[in-house]
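Single-letter residue listing:
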Amino acid sequence: MSDVIVPKGQPVSGDPEKKGWLFKWTNYLKGYQRRWFMLSNGVLSYYRNQAEMSHTCRGNISLLGALIHSVDSCTFVISNGGTQTFHIRAHDEVERQSWVTALELAKAKAIRAQESDDDEDQMTSGPVAIPGSDESEDPGGIARELAARFHDLNTCSELVARYGAALQRSLVDLEIPPTDTTKQVSERATLFRISCNAMMNACSEFMSAVATSSARMNRALQHERDQKMRLQEVVEQLARQHDNLEKTVTARSTPHTGGNGSGQGNDTEDEDHEFFDAMEEGVSSAMDDKTSFVIKVPVNRKNKVKSGESSDESEGETVTETQKVIFVEDKERPENAMGGAELPVVPKDEQVQHEPIKIWPHVTQAVSLVDGHARRQRVPDKPNYPLSLWSIMKNCIGKELSKIPIPVNFSEPLSMLQRLTEDYEYSSILDQAATFTDPAHQLAYVAAFTVSSYATTACRTTKPFNPLLGETFECDRMADLGWRSISEQVSHHPPMVAQFCEGAAGWQCWQEFTMTTKFRGKYLQVVPLGGAYAQFTDSGNKYTWRKVTTTVHNIIVGKLWVDNHGDMDIVGEGSAAGYVAHLKYLPYGYFSKDAQRKVTGVIKDPQGVPRYVLQGHWDTRVEVAPVTSASADNTVCKTGKFVVAWERVPAPADSEKWYNFTLLAAQLNEPETGVAPTDSRLRPDQRLMEEGLWDEANAEKLRLEEKQRAVRRQLEAEAEEAAARGESAPARAPAWFTRQPAPGQPRLPHLYNDRYWDCKRRQDWSVCPDIF
């Protein structure tokens, strides 16, 4: 028998996810064979057994555009137009009808999702609406939601009409003479169909009224968009005038050959009067050797644009007013530098000598020594390799879609194992959290640590290398940073990374990272599925959480940019049981009144009383403040002084030349002796890419992928041979992690087995597979 699974937090009326045993037609020799089927996200997949779900899918078919029809009481067929056809037989008629109904509803939702994506593609301004934004400010969002619900009703109505007609035909075909009972059942079926039709007519009229109202609101919204575009043109014109004015002032403050030194002979003097609205009296006399002026800049209270982000941030109602901004220009400042309220004026020599030394004490050295080990300060510059579409297409000829190699042009010279190790760049937050005895205070800093792991995603849009099965990465920074970690790729289908990190301050972290991706044409969503865990050895406090969704925008056209959004709950266990931190990563939205990349949170005790609040931005800093008092319903709180729990360290000045790496990221792939033969630093394609030999790196990457596929085919053949003998083939176990949790350990499928560092000390790598 089969059963229906409803994901946690989703209503039963949503897209049904169904699984169970069915019989699938294979060939004329074997006939129908028993297979395990799974219906999820509009795709029907099947496996030989339930154990294969973790690594091998035997086939799948998308229900979008598929034809579903019943052959007899137990058999039904699914076809997508000729390329794929599944002949499936159920145990009985009831189970067949249950599957057909679930498939019809999943198909309807897949069609609706496709139509919704097409509607988003037709929008004339800005990217698509971000999921989770406030629908009250999106006139079309309510209409689309109602249309989706109406589509579900329509699908159910069609099913009711179809089954009602079949019921009446069955009553007519009965060989017994008509009785009052059969007549009564037929009349009730007819009345039921009439009631359904009346309900659908009422829903149709309601949708017409909503569509009319939505059209009127859309016209009003378009008017606001036009006003916004005109305002944007004014701001751009003002910026150009500002640039010309700045150059004019710089020219005036610099002696000119043949001039009188006052700048009166400059050709642009007549234009200067167009830009000055007012002149601040006495400012020039107060500033030695500096020229200052005041202009009135239009300020949009809702359309504030953060540095480095799109100016199409908001399309809501705008209020334009003027604000005085004082610009101070230094004589030695470069002409192409823009002055502003957010950019402090620093003499050129001071910028070169003092500011880098203040932030990065190591930049003046090529290599630094830590505990006798050389640590590099950067990686080679990223070469300017043009991406040839033909070179990609010629590698795709005659290959399956899953075997098409992705060139390293889209990647960075780090593996996913190393990228996940960057989560501990700000491990000092956990060091500080280990000193707190109050679980609420400690949980507040753990929450700040989880936010810090997203700091590099703001400017890192390149893709890390996918690890090979059995690939590992160790990072021993006990000498300087106070922690060490070990990571291993423990599964390839689906891809899964297990990681363990321990700090000298008395904390341990586990992490199991796996994900699912959703490609929507304009953007790609990465939804993490694994969990993370932190434990403080002195207090016994334990905390678990799961990462939020990451969306990469402008996949096809435009500049890539990343947004992290969703809700995160950090739950306490052990001595901290009952404590929970609720974090909300606000999504990017054109209609949002809040600053972008914002994170808010509250830490509650077991009684549900707020103890700490958290605010900040996941790309810059996070502040924490204690709650001094709260209302009876805990909805209004008064807080004390906010304290900075985490602040991002500025990247090196020229990091954009080497993949926007931080200092830690640049040191992750530096060669090191004595590591396991499966370590990512020994991976040849990744090393060749870092050295700028991208053609050779692509060739090595293809070789490694083919070698991994050959190993997978061998394992599958061994499993089939064992099954033929009635035995179960032993699965390939990870080297440094166990698949089942030990008693008293955190509830994670893969746990560290405490063997790696001892094997490294003895240089015993006999358990490591040959993957490179």
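Residues numbered from 1 in each chain as written. Predicted model: local features only at pLDDT ≥ 70, side-chain atom pairs only at ≥ 80, totals over all residues. Heavy atoms only, no water.

Asker: Account for the overall build of the protein, naming residues and giving values.
Answerer: What the protein contains, in helices and strands, is 15 helices and 32 strands. The contacts in the protein between residues at least 6 apart in sequence include a share of 56% that link residues at least 24 apart. Carbon and sulfur atoms provide 54% of the accessible area of the protein, an area that totals close to 41300 Å². (Helix = DSSP H or I, 4+ residues; strand = E, 2+ residues; numbered from the N terminus. Contact = heavy atoms within 4.5 Å. Areas by Shrake-Rupley, 256 points an atom, 1.4 Å probe, with all protein chains shown as cover.)

Asker: Talk me through the pairing of strand E7 (residues 75-79); I want residue IDs and the actual numbers.
Answerer: Counted residue by residue, E7 has five buried out of five residues, so it is predominantly covered. Neither face of E7 is open: one carries Thr75, Val77 and Ser79, the other Phe76 and Ile78, and all of them are buried. Here strand E6 (residues 67-70) runs beside E7; their pairing, made up of four bridges, is antiparallel. By the bridge assignment, His69 is partnered in E7 with Val77. In this structure, the hairpin formed by E6 and E7 is closed by a connection of four residues. Strand direction decides the pairing type here: E7 and strand E8 (residues 85-89), joined by five bridges, are antiparallel. Among the inter-strand pairings, Val77 is bridged to a residue of E8, identified as His87. (Buried < 20%, exposed > 50% of the residue type's maximum accessible area, 1.4 Å probe, protein only. Pairing = 2+ DSSP bridges.)

Asker: So what about unusual backbone geometry? Which residues, and what values?
Answerer: Phi is mostly negative for residues that are not glycine, and the peptide bonds are mostly trans. Even without glycine at this site, Asn41 takes up a positive phi of about 55 degrees. As for its position among the elements, Asn41 is in the loop between strand E3 (31-40) and strand E4 (43-47). Non-glycine residue Tyr659 carries a positive phi angle of around 65 degrees. Along the chain, Tyr659 falls in the loop between strand E30 (643-647) and helix H12 (663-668). Classification of Tyr659 as buried rests on a relative accessible area of 5%.

Asker: Tell me about the side chain of Thr678, residues and numbers included.
Answerer: Locating Thr678 in the fold gives a position in the loop between H12 and helix H13 (684-690). Owing to a relative accessible area of 1%, Thr678 belongs among the buried residues under this scheme. Engagement of the side chain of Thr678 in a polar contact is seen with the side chain of Thr472, the distance being 2.8 Å. Contacts of Thr678, omitting those with residues within four sequence positions, involve Gly470, Glu471, Thr472, Cys768, Pro769, Ile771 and Phe772. (Polar contact = N/O pair within 3.5 Å; in protein donor to acceptor, adjacent residues only side chain to side chain.)

Asker: Hey, could you go over the state of the cysteines for me, with residue numbers and the actual values?
Answerer: When the sulfur atoms of two cysteines share a covalent bond, that bond is a disulfide. Evaluated as defined, the whole model comprises zero disulfides. Left without a disulfide partner, Cys768 is nearest to the cysteine sulfur of Cys759, which lies 7.8 Å away. (Disulfide = S-S within 2.5 Å.)

Asker: Provide a residue-level description of the packing of aromatic side chains, including the pertinent values.
Answerer: The tally for this structure, following the rule as stated, stands at 22 aromatic pairs. Relative to Trp36, the ring of Trp21 has its centre 5.2 Å away and its plane inclined at 75 degrees; by these criteria the two rings are edge-to-face. On the criterion of sequence distance, the pair formed by Trp21 in strand E2 (residues 17-27) and Trp36 in strand E3 is long-range, its members being 15 residues apart. Relative accessible area serves as the criterion here: at 15%, Trp21 is assigned to the buried category. Here Trp36 falls in the buried class, since its relative accessible area comes to 5%. Members of the aromatic cluster, joined through ring pairs, are Phe500, Trp510, Tyr533, Phe737 and Tyr752. In this structure, Arg34 packs its charged tip against the face of Trp21, placed 3.9 Å from the ring centre. (Phe/Tyr/Trp six-rings, centres within 6.5 Å; stacked < 30°, edge-to-face > 60°. Lys NZ or Arg CZ within 6 Å of the ring centre and 35° of its normal.)

Asker: Could you give an account of the pattern of salt bridges, naming the residues involved and the relevant values?
Answerer: Counting across every chain of the model gives 34 salt bridges. Of the charged contacts, one joins Arg460 and Glu412 as a salt bridge, the two residues approaching to 3.0 Å between their closest N and O atoms. Taken together, the residues span a long stretch of sequence, with Arg460 in the loop between helix H11 (439-452) and strand E14 (463-465) and Glu412 in strand E13 (residues 411-415) at a distance of 48 residues. For the pair formed by Arg460 and Glu412, the shared burial category is buried. (Salt bridge = Lys/Arg side-chain N within 4 Å of Asp/Glu carboxyl O.)

Asker: An account of a nonpolar patch on the surface is needed here, citing residue identities and associated values.
Answerer: Together, Phe519, Ile555, Ile556, Val557 and Leu560 make up a nonpolar patch on the protein surface, roughly 480 Å² of accessible area in all. Position of Ile556 among the secondary structure elements: in the loop between strand E23 (549-553) and strand E24 (561-574). (Patch = residues over 30% accessible without salt bridge, like charges linked within 9 Å, V, L, I, M, F, W, Y side chains within 5 Å.)

Asker: With reference to specific residues and values, describe H11.
Answerer: Its 14 residues give H11 an end-to-end C-alpha distance of 20 Å, which sits within 8% of 20 Å, the value for a rise of 1.5 Å per residue. Across the 14 residues of H11, 13 count as buried, placing the element largely inside the fold. (Expected span 1.5 Å × (residues − 1).)

Asker: Now, about the environment of Ala581: what can you tell me, with residues and values included?
Answerer: Among the secondary structure elements, Ala581 is positioned in strand E25 (residues 580-585). Every residue in contact with Ala581, bar those within four places of it in the chain, is listed here: Leu443, Met568, Asp569, Ile570, Val602 and Ile603.

Asker: Can you explain the confidence of the model for the protein? Please cite residues and give values.
Answerer: Any region with low pLDDT has predicted coordinates that should not be read closely. Model confidence for the protein is summarised by a mean pLDDT of 75, while 72% of its residues fall at 70 or above. Overall, residues 1-16 carries pLDDT values under 50, and its contacts beyond four positions in sequence, including any with other chains, amount to 24 contacts. This model gives residues 255-366 a pLDDT under 50, and the stretch forms 152 contacts once residues within four places in sequence are excluded. (pLDDT = per-residue confidence, 0-100.)

Asker: Explain the environment of Asn466 to me, using residue names and the numbers behind them.
Answerer: Considering the arrangement of structural elements, one finds Asn466 in the loop between E14 and strand E15 (472-477). C-alpha of Asn466 to C-alpha of Ser411: the two residues are 55 residues apart in sequence and 9.7 Å apart in space. A distance of 3.5 Å separates a polar atom in the side chain of Asn466 from a polar atom in the side chain of Lys463.

Asker: Tell me about the side chain of Lys701, residues and numbers included.
Answerer: The topology assignment puts Lys701 in helix H14 (residues 694-724). Reaching out from Lys701, the side chain makes a polar contact with the side chain of Glu705 at a distance of 2.7 Å. Lys701 has contacts with Ile406, Val408, Phe465 and Asp685, leaving out every residue within four places of it along the chain.

Asker: Quick one: what's the story with the nonpolar core, residue by residue and with numbers?
Answerer: Core analysis: the largest hydrophobic core is formed by 67 residues, its most contacted members being Ile570 and Tyr585. The dominant element in this core, judged by the number of residues it contributes, is H11, at nine residues. Membership of the second largest hydrophobic core comes to 19 residues, among which are Phe37, Ile68, Leu103 and Ala106. (Core = buried A, V, L, I, M, F, W, Y, C linked by side-chain atoms within 4.5 Å.)

Asker: Can you tell me about the environment of Asn554, naming the residues and giving the values?
Answerer: Structurally, Asn554 can be placed in the loop between E23 and E24. The exposure class assigned to Asn554 is partly exposed, which follows from its relative accessible area of 24%. With 33 residues separating them along the chain, Asn554 and Gly521 place their C-alpha atoms 8.6 Å apart. With near-sequence residues (within four places) excluded, Asn554 lies in contact with Lys522, Lys559, Leu560 and Trp561. In terms of polar contacts, Asn554 uses its side chain to reach the backbone carbonyl oxygen of Lys559, at 2.8 Å.

Asker: Give a detailed account of H14, specifying residues and quantitative values.
Answerer: Relative to the 45 Å expected for 31 residues at 1.5 Å per residue, H14 spans 45 Å between its end C-alpha atoms, a close match to the ideal helical length. Those residues of H14 lying buried are Trp694, Ala697, Lys701, Leu704, Glu705, Gln708, Arg709 and Ala722. Residues of H14 that are buried sit in contact with E14, strand E16 (483-492) and H13. Among the residues trailing H14, Gly726 stands out with phi positive, at a value near 80 degrees.

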